[in-house]
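Architecture and fold: a report
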Amino acid sequence: MATQQRWLTAPPSAHTVRVRLIKDLGLMSIPSALFIEPVAEGHEVFNGPDMAYLIENENLGKKAVFDLGVRKDWWNLPPKVRDSLAFCVGVKVDKDVPDVLKESGVPLDAIDDVIWSHSHLDHRGDVSLFPPNTTLNYGKEMVVMKPEITGNEEAVFLSSDFAGRHNNEIDFSKSTLKIGGFRALDFYDDGSFYLLDTPGHDHGHLSALARTTSSKAGHGKDTFILLAGDACHFCGVLRPNCSQPFPHPHLPDSAIGVSDVENAESLLRRHPKYQQSPLAAAGLVEEARVNPWYGIAAGQLSTFLDPELGQSTASTIKDAFDEAENVFVALCHDLSLLAEDSGKPVLPTLNDAPQRDLNGWYENGWKDKLYWTWVSQLGKEDTNGSIQMREPLVTGFWMNGKKYEKAQEVFDKALKE
Ligand SMILES: [Zn+2]
């Protein structure tokens, strides 16, 4: 991959954390207009799997989980929150993080910290399933949504989300450290794992930067994984870009999951920014090759608290992290993280391979393999030149293995039980 080293700077450290991907935490098919704009024909539905990460600092003997997915009994969320699920095309949650940890031989009392990227229901899970020794960490700006502030009527959280454990409010105003343009805190005080202030999507939205290899530890170079939460939801908000222009004349052979995608040149002519530009009339596609496919949703349906700030955050993630060859950017709902190569998953998961981690992503070329996989989510052009919509991966609302057409039916059923 022809890339140039961008301006990410993190202080040197010989310490790393192991990063393991946790999958199968629920699947939601949602109108794309909640996250991105302008929504391209064929991409009206966003297929979002939910993911979390097990972080392990072996040196300190500490473990943390970054994000928790959707709670399995999502119908028991406060009405104000759960009612928003009615917007979805489909919701299905088969497992939660505690299930996967236990199945993988990681006892819950080994988890020192749960870190929420933000307050949304598809990230907060059910913390009450963890023992009292597990600390809950979240951005300080989130306190305005705690039950004692909102009261019952307007509740966003259940009191069980915070009760009986240490609540650590992450306060970036105390930090003088900046990484990639974002305010940062050194979570373990050893340079292995930083929390970054990545605002815009929600009150106190934060990301995490994990050092996966270290030149000081003899690994050859420093590499990182950015756990970006919902700073943005789709790789097309970061790509293409100046360091990695849209491939010409075809997608690279190394790209996974793009075998049924039309040729790169005709796909590029569907770039929304190109289509809206006078360049289209002139037939000039060069501009489109170096500009991200989408922006952050700013319309009525946007899930961003401050879309302008969210766009600024996403653009900085693009510049400082996604364009850097030594950083793997992992968005929470990125379907490409689950892509398969000849029937085998590219990335190992805690679910299927508990002993394997993501730390070798650079030497394994996983960023190269998955960098363009997102284009497979754009609708496919058929032989008549019409764009066929990508089908939702889940339809209907699933409760205890049974499908309901409407979310309200699930809420009504839960009330009767
Ligand atoms: Zn989310």
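Rules of the game
- Residues numbered from 1 in each chain as written.
- Predicted model: local features only at pLDDT ≥ 70, side-chain atom pairs only at ≥ 80, totals over all residues.
- Heavy atoms only, no water.
- UniProt positions renumbered as here; feature names shortened; annotations may be inferred.
- Helix = DSSP H or I, 4+ residues; strand = E, 2+ residues; numbered from the N terminus.
- Rg over C-alpha atoms; globule rule 2.2 N^0.38 Å.
- Buried < 20%, exposed > 50% of the residue type's maximum accessible area, 1.4 Å probe, protein only.
- Contact = heavy atoms within 4.5 Å.
- Salt bridge = Lys/Arg side-chain N within 4 Å of Asp/Glu carboxyl O.
- Pairing = 2+ DSSP bridges.
- Axes fitted to C-alpha atoms, helices over the stretch in contact; angles between N-to-C directions.

Going by an unreviewed UniProt entry, the chain carries the name Metallo-beta-lactamase domain-containing protein and comes from Hypocrea atroviridis. UniProt's Sequence similarities (unreviewed entry) comment on the chain is quoted here verbatim: "Belongs to the metallo-beta-lactamase superfamily."

**Topic: the overall build of the chain**
Tallying secondary structure elements over the chain gives 12 helices and 23 strands in all. At 21 Å, the chain has a C-alpha radius of gyration in line with the 22 Å of a compact globule built from 417 residues. Across its three principal directions, the C-alpha atoms of the chain cover 65 × 55 × 40 Å. Across the 417 residues that make up the chain, the buried fraction comes to 57%. The contacts of the chain with a sequence gap of at least 6 include a subset with a gap of at least 24, amounting to 70%.

**As for the pattern of salt bridges**
Tallied over the entire structure, the rule returns 22 salt bridges. One salt bridge in this structure joins lysine 23 and aspartate 352, with 2.7 Å as the shortest N-O distance. Residue lysine 23 is found in the loop between β1 (18–22) and β2 (27–31), and its partner aspartate 352 is found in the loop between β19 (344–345) and α10 (361–364); the two are separated by 329 residues along the sequence. Judged by relative accessible area, lysine 23 falls into the buried class, the value being 15%. With relative accessibility at 51%, the residue aspartate 352 sits in the exposed group. The closest approach of N and O atoms between lysine 221 and glutamate 325, which form a salt bridge, is 2.7 Å.

**Some thoughts on the sheet that holds strand β7 (residues 90–92)**
Read across the open sheet, the 5 strands follow the order β4-β2-β7-β22-β23; overall the sheet is mixed. Each of the sheet's edge strands pairs with one partner strand only, and the pair in question is β4 (45–49) and β23 (402–404). Strand-to-strand twist in this sheet, taken as the mean axis angle between neighbours without regard to direction, amounts to 25 degrees.

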